[in-house]
Amino acid sequence: LEAAGQPAAAIEAYRALVSVEPANLPALERLAALYRAGGQAALLDVLSRRAELTTDRDDQLALYRELAAEAGRLERWGRAVEAHRRLAELDPQGERRGVELYRAGVIYRDQLAEPDEALGLANRLYERRPGSASRPVKGYVQVLKILLYAGAAILIVAALMEQSPLLLLSGL
């Protein structure tokens, strides 16, 4: 299908194969190539899965670097931060560790500085952990967001009234 110029059909065939055999690295490689050629966001999931399955450290580093670059290009900042974090973990004593942590920090500062997005990212990262389905924290994250916005509202009202926020809080 791929050679016949039918990339959509080839993608579906490879996806079906990967759903039956999730660890099929050659199928994942071809799927990544097709997604890469089409500029599709699904490439991020395939790169991530390939990086998790491969046992060669250099291949893992290359895949996570590509994942970080593609996630940045697609403005999936949470994925980019996660890829840079994984790069730093794979090279704990190496010279690149500091560079990867710095890049993750810059993305976080520039793109995820809003607390609402940061809490959402923390929830998404937690949900990727094994066992998180049995202990969801989404409700806690939502409560934190409400408290965050309530605190911001108190600070705004205190600034408008030219009073201390503690004075307003003591009256509650």
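Above this text you will find the structure in question.
**Concerning the overall build of the protein chain**
- Regarding its fold elements, the protein chain presents nine helices and zero strands.
- The buried share of the protein chain, taken over its 172 residues, is 28%.
- Accessible surface for the protein chain amounts to roughly 10900 Å². Of this, 58% is attributable to carbon and sulfur atoms.

**Side note on the pattern of salt bridges**
- All chains considered together, the criterion is met by eight salt bridges.
- In this structure, Arg 57 engages Asp 58 in a salt bridge whose closest nitrogen and oxygen atoms are separated by 4.0 Å.
- Under the relative-accessibility criterion, Arg 57 is labelled partly exposed at 36%.
- Given a relative accessible area of 52%, Asp 58 falls into the exposed group.
- Of the charged contacts, one joins Glu 82 and Arg 85 as a salt bridge, the two residues approaching to 2.4 Å between their closest N and O atoms. Here Glu 82 and its partner Arg 85 are both found in helix α5 (residues 77-90), three residues apart, which amounts to about one turn of the helix.

**Focus: the nonpolar core**
- Leu 31, Tyr 35, Val 46, Tyr 64 and Leu 67 are the most contacted members of the largest nonpolar core, which has 24 residues in total.
- Secondary-structure elements contributing two or more residues to this core are α1 (7-20), α2 (25-38), α3 (43-53), α4 (57-73) and α5.
- Setting aside chain neighbours within four positions, we find Leu 31 in contact with Ile 11, Tyr 14, Arg 15, Val 18 and Val 46.

**What to know about unusual backbone geometry**
- The phi dihedral of Glu 75 falls on the positive side, at around 60°, and the residue is not glycine.
- Residue placement: Glu 75 occurs in the loop between α4 and α5.

**Some words on the side chain of Glu 82**
- Judged by its relative accessible area of 12%, Glu 82 falls in the buried class.
- Beyond its immediate chain neighbours, meaning those up to four positions away, Glu 82 contacts Leu 125 and Arg 128.

**As for the packing of α1 against α2**
- Here α1 crosses α2 at 150°, and the two axes come no closer than 9 Å. Relative to α2, the crossing made by α1 is left-handed. Within the contact between the two elements, α1 uses Pro 7, Ala 10, Ile 11, Tyr 14, Arg 15, Leu 17 and Val 18 and α2 uses Ala 27, Leu 28, Arg 30, Leu 31, Leu 34 and Tyr 35.
- The residue makeup of the contact of α1 with α2, split by class, is eleven nonpolar, no polar and two charged.

**A short note on a nonpolar patch on the surface**
- Together, Val 143, Leu 144 and Leu 147 give the surface a local cluster of nonpolar side chains, amounting to about 280 Å² of exposed area.
- With respect to the helices and strands, the residue Leu 147 is situated in helix α8 (residues 138-161).
- We classify Leu 147 as exposed; its relative accessible area is 54%.

**Regarding helix α7 (residues 115-127)**
- Between its first and last C-alpha atoms α7 spans 18 Å; for 13 residues at 1.5 Å apiece the expected length is 18 Å, and the two agree.
- Turning to α7, its buried residues are Ala 118, Gly 120, Leu 121, Asn 123 and Tyr 126.

**Digging into the layout of surface pockets**
- Of the voids in this model, the largest pocket is the one considered here, and its volume is about 220 Å³.
- Along the walls of the largest pocket sit 13 residues, with Glu 52, Glu 82, Arg 85, Arg 86 and Arg 128 positioned nearest its centre.
- If you list the elements that add at least two residues to the lining of the largest pocket, you get α3, α4 and α5.
- Here the element with the most residues in the lining of the largest pocket is α5; it accounts for five residues.
- Counted by class, the lining of the largest pocket contains five nonpolar, one polar and seven charged residues.

**Observations regarding the side chain of Asn 123**
- Tracing the chain through its elements places Asn 123 in helix α7.
- Residue Asn 123 is classed as buried on the basis of its relative accessible area of 8%.
- Dropping the residues within four chain positions of it, Asn 123 is found in contact with Val 137, Lys 138 and Val 141.

What counts, and at which threshold
- Residues numbered from 1 in each chain as written.
- Predicted model: local features only at pLDDT ≥ 70, side-chain atom pairs only at ≥ 80, totals over all residues.
- Heavy atoms only, no water.
- Helix = DSSP H or I, 4+ residues; strand = E, 2+ residues; numbered from the N terminus.
- Buried < 20%, exposed > 50% of the residue type's maximum accessible area, 1.4 Å probe, protein only.
- Areas by Shrake-Rupley, 256 points an atom, 1.4 Å probe, with all protein chains shown as cover.
- Salt bridge = Lys/Arg side-chain N within 4 Å of Asp/Glu carboxyl O.
- Core = buried A, V, L, I, M, F, W, Y, C linked by side-chain atoms within 4.5 Å.
- Contact = heavy atoms within 4.5 Å.
- Axes fitted to C-alpha atoms, helices over the stretch in contact; angles between N-to-C directions.
- Left-handed = near helix turned anticlockwise from the far one by under 90°.
- Nonpolar A, V, L, I, M, F, W, Y, C, P; charged D, E, K, R; others polar.
- Patch = residues over 30% accessible without salt bridge, like charges linked within 9 Å, V, L, I, M, F, W, Y side chains within 5 Å.
- Expected span 1.5 Å × (residues − 1).
- 1 Å grid on protein atoms, 1.4 Å probe; cavity = no way out; pocket = protein on both sides within 12 Å on 5 of 7 lines; lining within 4 Å.
- Points joined across faces, edges and corners; volume = space filled by probe spheres on them.

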